[in-house]
Amino acid sequence: MMRFKQCKTLLTTVCLVALSCGASAQNKTVAIGYQAPLSGENAQYGTVFRNSATLAVDEFNKSGRLPGVTIQLKFEDSKSDAKEGVNIARKFSDDASIVGVIGDFNSTVSMAAGQVYAQTKVPQLSQTASHPDYVKISEYQFRNINTQAYEGPLIAKWAFDSGAKKVAVIAIQNDWGQSAAGNFVQGFKALGGTVTETEFFNPGTRDFRSILTKIARSQPDAIFVGAFYEDGSAFLQQKVQMGLKQPVFATSSLYEKKLLELAGPAANGVYLTSTFVVESTEPHVAAFVKNYEARYNGKPQQFAAQAYDATNIMLNAIVAAGGANATRAKVRDALAATKDFPGVTGTTSFDPATREPIKLLSKLQVQDGKFVSVK
Amino acid sequence: MRRLISISILLLAVLLVLPGVLSAVGGGYWFRVTTTIGVFSILTMSANLITGTTGLMSLGHAGFYGIGAYTTALLATKLHWPFFLTLPVAGVVTAVFGILLALPTMRLIGIYFAVATLGLGEIIHVTLLNWVDFTRGPMGISAIPGISLDGLFSASDITNYYAVAIIALLAALVLGRLTHSYYGNALRAVREDDQCAASMGLNVVGLKIQSFAFACFFAGVAGGLWAHTTGYISPGDFRFSESILILAMMVVGGLGSIPGAVLGAVILLGLPEVLRPIGDYRMIVVGAVMFFSILFLPRGLLGETSVLSVVRRQFGLAWDRTLNLGWRQ
C-alpha cells in the first residue's frame, strides 16, 4: 500500500514536471537586443528609440501573432561611444536568447559594433546608420533608412526642376554629411547644374556667418543644406540675418519639430524630404501617432517612426524565421527577404543584392511654422 | 627575492589566471571589456609619465592615441603590413609627432601648458576629421585586419587579450624602470620645482621632451592595438572627451603610480559595464565614485602625489603676478 502511494506520488511528480516543462516550452521567450545612446550627448535619440521599440513589442505581444512566445527587448546604453558599442555587441553575441539586434544610432558606433556582429554572425538592423560602407561589412548588416545615394539625387532633381541652375552646398563634417553633399553634388551636376561652393562645418558649429558670406559671394540660385536640426536651425536664422534670399533645400534630417521651435520664422520656405509625415491620414500611420502620443505625451518624429518600423521589421523576420524556433541565421535570411513591408515610414523593401532599403520619400515645405506636403 | 615572487605572481595572474577565469565565465564580452581596459591602461600609464611623474598637465593625449591608431590602420589596410610591424612603427611615428608638437609648448608652464596641449589634441582631431583624402575623414577606416600570424594564431578574443596584455606588461616594465630610477627622480624634481631642478644642473626642457616622447610612443602603440582589436576607427574615437577620460583614470588611480593608472582604467571602464543592470543610473554611480575618490582620497587610490597639490602648484603659478604670464624664461 505504502509502495503504491509512493509510486503514485512519484507518478504525480513526474506528470507535474512534464507538464511544467510543456508549459515552459509553450511560453518561450525570444529576445531582441537594442543598443542605443540612452545617456550622453545623443540621449534624446536613444530615448525616442526605446519608446518606439517598447511600443512596437508591447503591441506585438498583445496581438498574439506568435502564440506561446513572448518577445523581450534587451536595451543597452552605448553613450554614442565606440568603446561601449563594441562591448555591447560582444555582450549581445554571448546572450543565446538574442536572435537579432537593432542599433546603434550613429554610424561610428554601428560600424564598430558591426565588425563584431559580422564575426559572431548576429543579424544587425540599424534604424539610422547611413554610412555608405555599413551594409558592406558583412551579410548580417541591415538598415532601415534611405541612404543619401537615393535621397541626394532626388533632392537635386527637385531643386533643378524648381529652376535653380547654380547651387551652393553646405553640410556637416561627418560620414553622413560627406555622403549627403557628395550625392547631391553628383546628382545636380548630372542634370547639368553647377555647384558654386561646397562647404563642410565641424559638428557643434554655431556660427555660420563666414560660410554664409562665402556662399553669398558665389551667388547661387539655391542652397542645399545637409545638417541636423541643432545646426540647421542656427544656419537658417543666420541666413535670414545676413539677408540671403535664396531658397533652401534640405534632407529629411531636418524634419524635426524642434527645428521649427529653434529657427522660428527663419525656417519658413525651407524645402525638405521625409519618409514619415506625422500629419498623414493613412490609418496605420495615424494609429501609430495616436498610440505613441497617448503613451509618451508627445508626437513621434522621424527617428521615432524609423525605430518603430525597424522593430516591426525585426519582429516580422522573427515570425518568418519560425517564432519560437528562430535562430540567428534564419532571422538573417528572413530580414534579407523583407519585401513591401507596410511601415509608418513608407513601404519598405530590402534590395536582394545589396540589402539597401528602398523607401518612398514625401516632399515637404515649411509654411507658417508648419511642415506642409507639396508636390 | 620578494621582488621576483611578486613579479611572477603578476605574470601568472595576467597571463594565466585572468584569461582562465574569463573563459570560465564564458566568453567574448568580458574578454572584450578586459581588452579595452588593457588599451586604456597603456594610455593611462603613458600619460602618467607626463602628468604624474613630470608634472605637466597634458590634455591632448587622445590626439596622440589617434595618430597611433591611424598610422596602424593605414599601414595595415593600404600596405597590408602585419601587426608586429605596424605597432612599433605607430609608436615611433607618434613619438616623432609628440616631439615636434611638444617643442613649441615646452617653455609654457602651468595652465598655459595644459591649454596648449588641449589645442594640440584638437588640432590632431580636426586634422583626422577634415583631411578626407588621406584619413577618409569622418568615414573612418574599416576592415582593419586583426592580430594574427599565419600558421601560429588567428584573430580571436584570446589573441587580442594576449597581445594587449603582453604589450601592457612591457609598457609597465619600461615605464616602471623609467620612473623608478635616477632618471625618474630627475623627472620628479621637475614636477616639484622646475626652477630648482634647472639650478641643480638638470636640462629641464630636455627631460620634458624625453618624457613626452616616451609617453607618446606608448600612446601610439595603444592606438595601434585599438585599431587592430576593433577593426574600425573614426575620428570620433579620439575626441577631447577621451583625453579627459584618461586624465580621470590617472586621478582616480593616483598620479605618479603605475598600478594606480591600471586601477583607474579598471574602475572607470569596468564599473560602467558591471553596473549595466541598473540602466540609466549607472553613469551617476560612476560620477559619484569619481567625486568621492577625489574628495576623500586626494592622492587617488595609490598615488604618490596629490592631484590638488599639482593643480594648485600649476594653476597657482599662472595667477602669480610676479611671473611673466605663464612663460618661464
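Residues numbered from 1 in each chain as written. Chains lettered and ligands numbered in written order. Predicted model: local features only at pLDDT ≥ 70, side-chain atom pairs only at ≥ 80, totals over all residues.

(A) Main features of unusual backbone geometry. The omega torsion across A:Gly103 and A:Asp104 is 0°, close enough to zero to call that bond cis. Here A:Asn297, not a glycine, exhibits a phi torsion of approximately 55°, which is positive. Along the polypeptide, A:Asn297 turns up in the loop between helix 10 (283-296) and helix 11 (302-320). The backbone of B:Arg136 shows a phi angle near 65°, a positive value even though the residue is not glycine. With respect to the helices and strands, the residue B:Arg136 is situated in the loop between helix 6 (132-135) and helix 7 (157-179). Given 22 C-beta atoms within 10 Å, B:Arg136 falls into the buried group. (Helix = DSSP H or I, 4+ residues; strand = E, 2+ residues; numbered from the N terminus. Buried ≥ 20, exposed ≤ 12 C-beta atoms within 10 Å, placed from the backbone.)

(B) Focus on the interface of chain A and chain B. Listed as interface residues are 23 residues of chain A and, on the opposing side, 25 residues of chain B. Elements with a minimum of two residues in the side of chain A that touches chain B: helix 3 (82-94), helix 4 (107-120) and helix 6 (175-190) of chain A. Take the side of chain A that touches chain B: its biggest share by element is eight residues, from helix 3 of chain A. (Contact = placed C-beta atoms within 7 Å.)

(C) Quick look at the nonpolar core. Counting residues in each nonpolar core, the largest one holds 150 residues, and the members touching the most others are B:Ile42, B:Phe218 and B:Ala222. Residues in contact with B:Ala222, not counting those within four places in the same chain, are B:Val39, B:Ile42, B:Leu43, B:Tyr65 and B:Gly68. One finds A:Phe208, A:Ala222, A:Leu254 and A:Leu260 within the second-largest nonpolar core, a separate group that totals 44 residues. (Core = buried A, V, L, I, M, F, W, Y, C linked by C-beta atoms within 7 Å.)

(D) Representation of the domain arrangement of chain A. Residue and element names in this part refer to chain A. Once the domains are mapped, chain A shows domain 1 (26-146 + 281-358) and domain 2 (148-274). Taking only C-alpha atoms, the centre of domain 1 and the centre of domain 2 are 30 Å apart. Every contact between the two is made by seven residues of domain 1 and, on the other side, eleven residues of domain 2. Here the residues of the side of domain 1 that touches domain 2 sort into one nonpolar, six polar and no charged. (Domains from an automatic or database assignment. Nonpolar A, V, L, I, M, F, W, Y, C, P; charged D, E, K, R; others polar.)

(E) Just the pairing of strand 1 (residues 28-36) of chain A, in detail. Residue and element names in this part refer to chain A. Bridge analysis of strand 1 against strand 2 (residues 69-77) gives nine bridges, and the strand direction is parallel. Bridging across to strand 2, Gln35 finds its partner in Glu76. A crossover connection joins strand 1 to the parallel strand 2 through helix 2 (residues 43-63); in handedness this β-α-β unit is right-handed. Pairing geometry for strand 1 and strand 3 (residues 98-102), over four bridges, is parallel. (Pairing = 2+ DSSP bridges. Right-handed = clockwise from strand over helix to strand, strands pointing away.)

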